[in-house]
Amino acid sequence: MSARRNAILDVRGLRKSFGASEVLRGIDLAVEPQELIFVIGPSGSGKSTFLRCLNRLEEPSDGSILIDGVDLLHPKTDINAMRRRIGMVFQAFNLYPHMTALGNVTLALRKVLGRSRSEAESIALAALERTGLADKARAYPNELSGGQQQRVAIARAIALEPQIMLFDEPTSALDPELVGSVLAVMRDLQASGMTMVVVSHEMRFARDAAHRVLFMDDGVIVEAGRRRRCSAARNTSARGTSCRRCSEPT
Ligand code: ADP
Ligand code: MG
């Protein structure tokens, strides 16, 4: 099956059942490179299940998922190789408490990519620097705020140089004053050209940063709204033309 033109992520007819209960009921979504897709919707509507299907933490019941043209669900597809291309950040940071920030990021590089210790450490330090934590590399999770811990988790994901990043309510566990630092890192990632699918309730961030906002309800996407002016509009050369990405006037 061929991917829709330009799609780095191409989901068609995605379904997922748990026993008799069908949680995803036919989701279609094509995401272009460098797009930031925002997903909102009530609790229990299937948002987390959808993200988890995108790297096969859940096994879809039906449908297809193409990542950069590769069929994620094909039995011959190397799922571990594909997972390296898809970074995931969860609400709970899932850091090892007995390892420093640097240790947590380094471990992923050594285990997943088989890097040597010294190579892994230099990549990890660069990733921590990108998330504003260079000075916290030697700190343990319990010495870090929730926002800093989530930024370590983001560093751990981006150190592996994924093509797509999935965020599942990355700021929901944070005290309000710590949310901004995590959103700022996500904003930076977007500016650097990362393709992102973000489940979040941060509507201001959605308005400012998302190219499209999807509303999920009861296992289907019921609404796909485009922002009036997406940030790609900044890339157009002249006012009065239309945005190359969303065709909205600039
Ligand atoms: P959301 O992230 O939008 O809150 P979820 O994807 O977590 O929704 O859950 C959607 C529905 O699927 C819920 O009814 C939830 O109880 C159910 N569900 C999620 N994971 C499982 C599972 N592993 N086994 C059975 N039911 C599940
Ligand atoms: Mg959820």
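Going by the structure above, here's the rest.
So, here is what we can say about the structure in this document.

1. Side note on the overall build of the chain
Of regular secondary structure, the chain possesses 7 helices and 10 strands. Here the chain, with 250 residues, has 51% of them falling under the buried criterion. Nonlocal contacts in the chain, meaning residues at least 24 apart in sequence, comprise 62% of its contacts between residues at least 6 apart. Of the accessible surface of the chain, which amounts to about 12000 Å², a share of 45% is contributed by carbon and sulfur atoms.

2. Concerning the pairing of strand E6 (residues 86-89)
Here E6 shows no split at all, with Ile-86 and Met-88 on one side and Gly-87 and Val-89 on the other all buried. Here E6 pairs with strand E7 (residues 164-168) via 4 bridges, running parallel. Residue pairing for E7: Gly-87 is matched across the bridge by Met-165.

3. So, the site of ligand 1
Around ligand 1 sit Phe-18, Val-23, Pro-42, Ser-43, Gly-44, Ser-45, Gly-46, Lys-47, Ser-48 and Thr-49, and that is every residue in its neighbourhood. Lys-47 places a side-chain nitrogen or oxygen 2.8 Å from an oxygen atom of ligand 1. In the environment of ligand 1, an oxygen atom lies 2.5 Å from a nitrogen or oxygen atom belonging to the side chain of Thr-49. Relative to its unbound accessible area of 560 Å², ligand 1 is 56% covered by the protein chains.

4. Let's talk about the nonpolar core
Phe-38, Leu-128, Ile-154, Met-165, Phe-167, Met-186 and Met-196 are the most contacted members of the largest nonpolar core, which has 45 residues in total. Looking at this core, the elements that each hand over two or more residues are strand E3 (36-40), helix H3 (101-113), helix H4 (117-130), helix H5 (146-159), E7, helix H6 (176-191), strand E8 (195-199) and helix H7 (203-209). Aside from chain neighbours lying at most four places away, what touches Met-186 is Ile-154, Phe-167, Pro-170, Met-196, Val-198 and Phe-205. Counting 28 residues, the second largest nonpolar core, distinct from the first, contains Ile-8, Val-11, Leu-14 and Leu-29.

5. Re the packing of aromatic side chains
Scanning all chains against the criterion turns up 1 aromatic pair. Both rings, one in Phe-38 and one in Phe-205, keep their centres 6.1 Å apart while their planes meet at 50 degrees; by these two values the pair is tilted. Here the residue Phe-38 occupies a position in strand E3, and Phe-205 occupies one in helix H7, the gap between them amounting to 167 residues. Since its relative accessible area comes to 0%, Phe-38 is described here as buried. Judged by its relative accessible area of 7%, Phe-205 falls in the buried class.

6. Looking at the sheet that holds strand E5 (residues 70-71)
In spatial order, the strands read E2-E1-E4-E5; together these 4 strands make up an open sheet with antiparallel pairing. With partners counted over all chains shown, the strands left at the sheet margins are strand E2 (21-31) and E5, one partner each. Here 5 bridges tie strand E1 (residues 9-18) to strand E4 (residues 62-67), and the two strands are oriented antiparallel to one another. By the bridge assignment for E4, Val-11 is matched with Ile-65.

Rules used in this analysis
- Residues numbered from 1 in each chain as written.
- Chains lettered and ligands numbered in written order.
- Predicted model: local features only at pLDDT ≥ 70, side-chain atom pairs only at ≥ 80, totals over all residues.
- Heavy atoms only, no water.
- Helix = DSSP H or I, 4+ residues; strand = E, 2+ residues; numbered from the N terminus.
- Buried < 20%, exposed > 50% of the residue type's maximum accessible area, 1.4 Å probe, protein only.
- Contact = heavy atoms within 4.5 Å.
- Areas by Shrake-Rupley, 256 points an atom, 1.4 Å probe, with all protein chains shown as cover.
- Pairing = 2+ DSSP bridges.
- Near = heavy atom within 4 Å.
- Polar contact = N/O pair within 3.5 Å; in protein donor to acceptor, adjacent residues only side chain to side chain.
- Core = buried A, V, L, I, M, F, W, Y, C linked by side-chain atoms within 4.5 Å.
- Phe/Tyr/Trp six-rings, centres within 6.5 Å; stacked < 30°, edge-to-face > 60°.

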